[in-house]
Amino acid sequence: MIQGSNILGYERPLVIRISFATCIVVTVCLPLLGLITCVSISSLFHFEDATGTHCQVPNYLPSISASISISPECHIWRFCIGLHSAPRLLVAFTYFRFYKTRFAARSSESTLSCLNLAFSIFENLGLLLLTYVSSNETYFVHKEGFVLFIVSSLIYMLITCRLWRTIKKYSLSPEDTKSHYWKVRFLLLNVCFCAFAGFFYWKHNMYCEPGSYTFFALFEYLVVFSNMAFHLTAVWDFKSREVVVISSFEDKDF
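I will try to describe carefully the structure that is included in this document. Since the structure is predicted, the reported quantities are computational estimates derived from the model, not experimental observations. Along each chain, numbering runs from 1 in the same order as the chain's sequence is written. pLDDT decides what is reported in this predicted model: residues at 70 or higher carry local features, side-chain atom pairs at 80 or more are listed and counted, and totals for whole chains, interfaces and linings draw on all residues regardless. As a rule here, side-chain values cover all heavy atoms of the structure and leave hydrogens and water aside.

Turning our eyes to something else, we now look at empty space enclosed by the protein. We place a 1 Å grid over just the protein atoms. Points where a 1.4 Å probe fits but has no way out form a cavity, open points with protein on both sides within 12 Å along at least 5 of 7 lines form a pocket, and any residue with an atom within 4 Å of a point lines it. Grid points are joined across faces, edges and corners, and a volume is the space filled by probe spheres set on the points. Tallied over the full model, the rule gives one cavity of 30 Å³ or more. Considering only enclosed or pocket space, the largest cavity measures out at about 380 Å³ in volume. In terms of lining residues, the largest cavity is bounded by 30 residues, among which H84, R88, L127, N227 and H231 are the most central. Per element, the largest residue contribution to the lining of the largest cavity is seven residues, and it comes from helix α4 (residues 73-102). For this classification, Asp, Glu, Lys and Arg are treated as charged, while Ala, Val, Leu, Ile, Met, Phe, Trp, Tyr, Cys and Pro are nonpolar and the rest, including Gly, are polar. Classifying every residue of the lining of the largest cavity by side-chain character gives 19 nonpolar, eight polar and three charged. Secondary structure elements are taken from DSSP: a helix is a run of H or I of four residues or more, a strand is a run of E of two residues or more, and numbering for both begins at the N terminus.

Now the structure itself:
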């Protein structure tokens with residue numbers, strides 16, 4: 001919603017209101033659409049480059065790292081991640097203020113709120129690092145960015161579930177109960193998918209079996225999708241809130 005008017009020659013501030021739930025959905029959809037686009041283009045036009053590994057065995061799905069390292073896919077992915085990073089930080093700091101208000105009288109949860117914010121920022125930094133330093137450019141830096149992203153996201157989700165368990169305990173809202181329920185399930189799914197992805201990555205490198213890298217790529221997609229689904233639960237947490245942008249006008253005399 002956009003508000004603004006001109007009364008007796010004086011311009012009122014321009015006010016733009018956006019549902020916070022809409023902001024969250026757009027923030028999650030940007031990397032989702034970027035990933036689907038990059039994997040689709042890699043599979044259709046750069047299949048050999050995207051699925052080839054040092055084992056030189058048949059593979060049928062490109063990994064995320066391979067998909068976002070080839071042009072034009074890398075530019076699409078960087079655009080989507082760059083555009084989504086600022087709203088992602090906005091959501092992180094909104095959660096932090098929410099937790100600090102909710103747990104003002106509880107020291108342990110207040111400390112966890114600070115850790116939650118820190119690991120949310122680390123997760124975002126890891127994602128930016130693995131995005132803007134591709135595996136074809138500097139593999140070590142790309143790998144460290146990926147590890148930072150995975151570890152930070154798991155710890156962030158674990159702390160979030162712990163905080164929402166306390167919120168659910170003292171809340172009468174069914175939305176809070178539903179939010180906690182799905183947060184826990186998406187966390188468990190994410191942990192399982194990470195374990196399977198790690199197993200098939202190890203199996204591929206150890207035995208070079210045909211198809212192992214394909215299963216690794218598949219579970220890597222599921223890791224990312226479950227992570228996105230976890231972040232999407234913020235729609236229930238802030239569905240009544242709005243993002244308000246106010247543009248003030250300076251008086252000018254001529």
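Attention now moves to the nonpolar core. Note on soluble globular proteins: their nonpolar side chains tend to be buried together. Each nonpolar core is a collection of buried residues, namely Ala, Val, Leu, Ile, Met, Phe, Trp, Tyr and Cys, held together in the definition by side-chain atoms within 4.5 Å. Between buried and exposed lies partly exposed: a residue is buried under 20% and exposed over 50% of the maximum accessible area for its type, with that area taken using a 1.4 Å probe on protein chains only. Judged by nonpolar contacts, the single largest core of 26 residues is most densely connected at I24, Y95, Y99, F230 and F238. Of all the secondary-structure elements, those providing two or more residues to this core are α1 (20-45), α4, α5 (107-132), α6 (139-170), α7 (174-207), α8 (212-232) and α9 (234-237). Tallying contributions element by element places α6 first for this core, with seven residues. Formed by 24 residues, the second largest nonpolar core is a distinct cluster that contains I64, W77, F149 and Y213.

By disulfide we mean two sulfur atoms from cysteines, separated by a distance within 2.5 Å. Applying the stated criterion across every chain yields a total of one disulfide. Residue C55 pairs covalently with C208 via a disulfide, S to S 2.0 Å. One disulfide, between C55 and C208, carries an S-S torsion of -60 degrees and so falls in the left-handed class. Separated by 153 residues along the polypeptide, C55 in the loop between α2 (47-51) and α3 (64-67) and C208 in the loop between α7 and α8 bring together distant segments of the chain. Residue classification places C208 among the partly exposed positions, given a relative accessible area of 25%. This cysteine, C161, is not joined by any disulfide, and C192 carries the nearest cysteine sulfur, 13 Å off. On the accessibility criterion, C161 (7% relative accessible area) is buried. We note that C192 lacks a disulfide partner, and the nearest cysteine sulfur, in C194, lies 9.4 Å from it. You can call C192 partly exposed: its relative accessible area is 41%.

Attention shifts here to the layout of surface pockets. For the largest pocket, the calculated volume is near 690 Å³. For the lining of the largest pocket, the element with the most residues is α6, which contributes eight residues. Its residues assigned to classes, the lining of the largest pocket comprises 15 nonpolar, 11 polar and three charged.

Attention shifts here to the environment of V133. Considering the arrangement of structural elements, one finds V133 in the loop between α5 and α6. Put simply, V133 and Y181 are 48 residues apart on the chain and 36 Å apart in space, counted from C-alpha to C-alpha.

Take the packing of aromatic side chains next. The relative placement of two aromatic rings is captured by the distance of their centres and the angle of their planes. Pairing of aromatic side chains here covers Phe, Tyr and the six-membered ring of Trp, requires ring centres within 6.5 Å, and sorts the geometry by plane angle: under 30 degrees stacked, over 60 edge-to-face, intermediate tilted. Applying the stated criterion across every chain yields a total of 20 aromatic pairs. Each ring, one from F199 and one from W202, has its centre 6.2 Å from the other, and the planes form 35 degrees; the classification is tilted. Of the two residues, F199 and W202 both sit in helix α7, three residues apart, roughly one turn of that helix. The class for W202 is partly exposed, based on a relative accessible area of 42%. Cluster of aromatic residues (ring-pair linked, three or more members): F193, F196, F199, F200, W202, Y207, F215 and F219. Two conditions define a charge located above a ring, namely a distance within 6 Å from the ring centre to NZ of Lys or CZ of Arg, and an angle within 35 degrees of the ring normal. The ring of W164 carries K183 above its face, with NZ or CZ at 4.8 Å from the centroid.

A surface patch of positive charge is lined by R165, K168, K169 and R185. With three residues, the single largest contributor to the positive patch is α6. Along the chain, K169 falls in helix α6. On the basis of relative accessible area, K169 is assigned to the exposed category, the value being 62%. A residue counts toward a patch only above 30% relative accessible area and without a salt bridge, and it is joined to like-charged neighbours within 9 Å or, for Val, Leu, Ile, Met, Phe, Trp and Tyr, to nonpolar neighbours within 5 Å. Computed by Shrake-Rupley with a 1.4 Å probe, the accessible areas treat only the displayed protein chains as cover when residues are assessed. Definition used for salt bridges: Asp or Glu carboxyl oxygen within 4 Å of a side-chain nitrogen of Lys or Arg. The sign given to each residue is positive for Lys and Arg and negative for Asp and Glu; His and the chain ends receive no count. All charge positions are set by atom: Lys at NZ, Arg at CZ, Asp at CG, Glu at CD.

Quick look at unusual backbone geometry now. The omega torsion across S71 and P72 is 10 degrees, close enough to zero to call that bond cis. Along the polypeptide, P72 turns up in the loop between α3 and α4. Within the chain, Q56 stands out as a residue other than glycine whose phi angle is a positive 55 degrees. Examined against the element boundaries, Q56 turns out to sit in the loop between α2 and α3.

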